[in-house]
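Chain by chain, the residues:
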Amino acid sequence: MTNKLKYFIGNWKMFGDLASYKIINKINQFVLKSKNLTRNSKIVMCLPNTLILPFEKKLKSKYLLFGAQNCYHKDGFGSYTGSVSAKMLKNAGAKYIILGHSERREEGETNKIIKKKIISALNQKLIVIFCVGETLKEKRDKKNFFVIKKQILESLDKKLNFNRIIFAYEPIWSIGTNKIPNINYLKTTISFIKKTCIKNFKMKKVPKVLYGGSVNSKNISLFGLITELDGFLIGGSSQSSKKFIDIINNYYK
Ligand code: PGA
């Protein structure tokens, strides 16, 4: 297995309460025991906002980092009832933030709004995990590259700090469905994302791209064959310490 830094990023979605700390603690203990892992990987758990600060305070000796799953598109403080800004998430202890997730897009988030969110998260020096991906219909209609390109070009621009943006390719039809793309399709899409960014934003470094969608301990070895991948965004399987640890163990087997 390659020595390149790999990301294992959990997305808890709308899951967890204070008792779920035991999951975090087990994962952290597991990672701390392995020198190879602390050297070769970044392990991040993107939590609901309610858990970031309590878990951040409780986890003393830690390798695991915390992230958020969304933020309001305006930063700082203001009269926006029910909203949480990137500044507030940063204060709570988030280091990473998922933006542009398809479950947020389904709630009406446009590329334009996502761009504003990305800018405010970057202003707070959060690392952005920017999600892109096509629906099944778009894939069948062969519009996948068109859609992904549009998501990238409308949500980013060349003035942004790309050192703090990690892409996550999440085909919507694979999220929570146990369906995964075939290796060639995945490889082609990842290189398309990388090329689109390099060409349009004159990026000096090749961007990091993760895969997300039904990643589990059984299919992870298949993804290990794709050297172009920089890691994984893991939803359902990150809500169990055993499943999450098995994914990492099987990846490095
Ligand atoms: P899943 O979710 O692993 O449950 O498919 C991935 C995601 O939504 O980020």
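The rules behind each value
- Residues numbered from 1 in each chain as written.
- Predicted model: local features only at pLDDT ≥ 70, side-chain atom pairs only at ≥ 80, totals over all residues.
- Heavy atoms only, no water.
- Core = buried A, V, L, I, M, F, W, Y, C linked by side-chain atoms within 4.5 Å.
- Buried < 20%, exposed > 50% of the residue type's maximum accessible area, 1.4 Å probe, protein only.
- Helix = DSSP H or I, 4+ residues; strand = E, 2+ residues; numbered from the N terminus.
- Contact = heavy atoms within 4.5 Å.
- 1 Å grid on protein atoms, 1.4 Å probe; cavity = no way out; pocket = protein on both sides within 12 Å on 5 of 7 lines; lining within 4 Å.
- Points joined across faces, edges and corners; volume = space filled by probe spheres on them.
- Nonpolar A, V, L, I, M, F, W, Y, C, P; charged D, E, K, R; others polar.
- Near = heavy atom within 4 Å.
- Polar contact = N/O pair within 3.5 Å; in protein donor to acceptor, adjacent residues only side chain to side chain.
- Areas by Shrake-Rupley, 256 points an atom, 1.4 Å probe, with all protein chains shown as cover.
- Phe/Tyr/Trp six-rings, centres within 6.5 Å; stacked < 30°, edge-to-face > 60°.
- Lys NZ or Arg CZ within 6 Å of the ring centre and 35° of its normal.
- Salt bridge = Lys/Arg side-chain N within 4 Å of Asp/Glu carboxyl O.

A. View of the nonpolar core. Formed by 66 residues in total, the largest nonpolar core has its most connected members in Ile24, Ile118, Phe130, Ile152, Leu156, Ile165 and Phe232. Looking at this core element by element, the count peaks at seven residues for helix H9 (residues 183–201). Once residues lying within four places of it in the same chain are set aside, the contact partners of isoleucine 118 are Leu99, Val128, Phe130, Ser155, Leu156, Leu160 and Ile165. Of all hydrophobic cores here, the second largest spans 13 residues; its members include Ile9, Ile98, Cys131 and Leu233.

B. Region of interest: the environment of isoleucine 127. By the secondary structure assignment, isoleucine 127 is in strand S5 (residues 127–132). Look at isoleucine 127 and you get buried, because its relative accessible area is 19%. It is 9.9 Å that separates the C-alpha atoms of isoleucine 127 and asparagine 161, two residues lying 34 residues apart in sequence. Among residues more than four places away in sequence, those in contact with isoleucine 127 are Lys95, Tyr96, Ile97, Arg164 and Ile166.

C. Quick peek at empty space enclosed by the protein. Taken as a whole and judged by the stated rule, the model has one cavity of 30 Å³ or more. Within this model, the largest cavity holds a volume of roughly 50 Å³. Taken together, Gly100, Ser102, Arg105, Cys131, Val132, Gly133, Gln151, Glu170, Ile172 and Ile175 make up the lining of the largest cavity. Elements that contribute at least two residues to the lining of the largest cavity include exactly helix H5 (102–105) and S5. Looking at the lining of the largest cavity residue by residue, the classes come out as four nonpolar, four polar and two charged.

D. Fine view of the site of the ligand. Around the ligand, 13 residues are found, and the nearest of them are Lys13, His101, Glu170, Gly176 and Ser214. At 2.7 Å, a side-chain N or O of lysine 13 approaches an oxygen atom of the ligand. In this structure, an oxygen atom belonging to the ligand sits 2.6 Å away from a side-chain N or O atom of glutamate 170. Coverage of the ligand by the protein amounts to 95% of the 280 Å² it exposes when considered alone. Taken together, the residues that form the shell around the ligand break down as three nonpolar, eight polar and two charged.

E. Highlighting the packing of aromatic side chains. According to the stated counting rule, one finds 16 aromatic pairs in the structure shown. Of the aromatic side chains, those joined through ring pairs into one cluster are Phe8, Tyr169, Tyr211, Phe223, Phe232, Tyr251 and Tyr252. Sitting over the face of the ring of tryptophan 173, lysine 139 holds its NZ or CZ atom 4.9 Å from the ring centroid.

F. Summary view of the pattern of salt bridges. With the rule as written, the count across this model stands at 10 salt bridges. We note a salt bridge from lysine 4 to aspartate 230, for which the minimum N-O separation is 3.3 Å. Placement of the pair is lysine 4 in the segment before strand S1 (6–11) and aspartate 230 in the loop between helix H10 (220–223) and strand S8 (231–234), with a sequence separation of 226 residues. We classify aspartate 230 as buried; its relative accessible area is 4%. Three or more residues are tied together by salt bridges with common partners; here these are Lys4, Lys194 and Asp230.

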